[in-house]
Amino acid sequence: MKINTPNQNIPQPIRSDGAGWWDLGPRDIMRDRENPDMLVSPVTDAGSLPNLKFSFSDTNMQLNHGGWSREVTVRQLPIATEVAGVNMALTPGGVREMHWHQQAEWAIVLVGRTRITSVDQNGRNFIADIGVGDLWYFPPGIPHSLQGLEEGTEFLLVFPDGNFSDLNTLAISDFFAHTPKEVLSANFGVPQSAFNNIPNHQVYIFQSEVPGPIESQQVADPQGTVPLPFKHRLLAQEPIITPGGSEVRIVDSSNFPISTQISAALLEIKPGSMREMHWHPNADEWQYYISGTARMTVMAPNGTARTFNYRAGDVGYVPRAFGHYIQNTGNESVWALEMFRSDRFEDVSLNQWMALTPPQLVSQNLNLGPEFIHALNKEKQFIVKNPGISYPRTNK
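Residues numbered from 1 in each chain as written. Predicted model: local features only at pLDDT ≥ 70, side-chain atom pairs only at ≥ 80, totals over all residues. Heavy atoms only, no water.

Participant: With reference to specific residues and values, describe the nonpolar core.
Facilitator: In this structure, W106, W136, L156 and W286 are the most contacted members of the largest nonpolar core, which totals 49 residues. Not counting chain neighbours up to four residues away, the residues in contact with L156 comprise F56, V86, W106, A107, I108, L110, W286, Y288 and L337. In this structure, Y289, M296, I326 and I383 belong to the second largest nonpolar core, which totals 24 residues. (Core = buried A, V, L, I, M, F, W, Y, C linked by side-chain atoms within 4.5 Å. Buried < 20%, exposed > 50% of the residue type's maximum accessible area, 1.4 Å probe, protein only. Contact = heavy atoms within 4.5 Å.)

Shown next as structure tokens:
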């Protein structure tokens, strides 16, 4: 057995005030470097909170000819009961087979372009090409398909049910494979021999050819097209510009009417900035970090608080009404999604609440002086400038 000796270049669970000691035993140093606020927690952290972080890199990758998928559900992150997420990629021409879900499906394209097709309950069809920063949404039970275009595609799928699994969907291949051929023959009015080569299992993802231009794929529909588009161009949406130049784009049923079960905010938190102290009164928050590095502290009842570190590909979670903030801890913008099982985005700003409360009450409640009271802002900021952070920290 090897006995380790202290190494000044390796992060250690020691605060600047001397609390803690060397970790000389077996350890994952790379993990410790990625999670400095778990190795040396802020002194303001207190009590115990469930885990509020899970990385897509730590979940199983489902590989198929035509693409791959991986998911984060309550099986990976037990606290996340309201929302589940699937990260999926399709090759050029790769197809996520024709299928449908018991749950609604919300998605954002991260790389490349995706062609989507769908038909609603009234027989009205829809086909669209979805690029980076574009969204789609399919209501529960509405059948659809996804296909990678020339450059291939990667996207995030979000479902308003933490127990959801993308491997537990309703697939057209399963419907055919588990229906007697005489029933298929009667239903479609063709001989049973027409079904001799159908798959005997769920296809899920398969390789096909890159489809032609969207105009060549349109199918004339006597019922017309869907009245509410299944597509929304989120990055083309005018952002809310915040102090310091960070940006927020909010999407819910008010500007994407078909999206009645999922709402979201896309954040760009610039270096030296933070998502202001706030909470959400109407739903749990499921987060997806697209780029950058960040830290989030979550405050729960009974003086309980815990801090987590996040980077690209991580999922974060905040239970309904728990106070929290997100700091950019790096030198590049943090791009992140806040997702909610709700038709509307709602948040409460701590700063705005205090600014719109009688000043004497605020002052007496927290023993705060006039300088603080005069600095309060009656307008919601969303993202504010952050003077910076350091490791390790003390509560001086």
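Participant: Before we move on, could you go through the packing of aromatic side chains and cite the residues and values that matter?
Facilitator: Counted according to the given criterion, the structure contains 14 aromatic pairs. With a centroid separation of 5.6 Å and an interplanar angle of 75°, the aromatic rings of F340 and F345 are classed as edge-to-face. Accessibility classification places F340 together with F345 in one group, the buried group. Put simply, the rings of F126, F138 and F230 touch in pairs and so form one group of aromatic residues. Over the ring of Y310 we find K53; its NZ or CZ atom is 5.9 Å from the centre of that ring. (Phe/Tyr/Trp six-rings, centres within 6.5 Å; stacked < 30°, edge-to-face > 60°. Lys NZ or Arg CZ within 6 Å of the ring centre and 35° of its normal.)

Participant: Kindly report on the pairing of strand β16 (residues 273-279), identifying the contributing residues and their values.
Facilitator: Burial of β16 is extensive: five of the seven residues sit out of reach of the surface. Bridge count between β16 and strand β24 (residues 383-385): three bridges; the pairing is antiparallel. When the bridges of β24 are listed, M274 appears paired with V384. One ladder, built from three bridges, connects β16 with strand β21 (residues 323-328); its direction is antiparallel. (Helix = DSSP H or I, 4+ residues; strand = E, 2+ residues; numbered from the N terminus. Pairing = 2+ DSSP bridges.)

Participant: Go over the UniProt feature "domain: Cupin type-1" (unreviewed entry) in the chain with me, naming the residues and quoting the values.
Facilitator: With numbering aligned to this structure, UniProt lists the feature "domain: Cupin type-1" (unreviewed entry) at residues 54-196 and 232-374. Within residues 54-196, the helical portion is 10% and the strand portion 48%, while the C-alpha atoms at the span's ends are 44 Å from each other. A helix fraction of 13% and a strand fraction of 46% characterise residues 232-374, whose end C-alpha atoms lie 41 Å from each other. (UniProt positions renumbered as here; feature names shortened; annotations may be inferred.)

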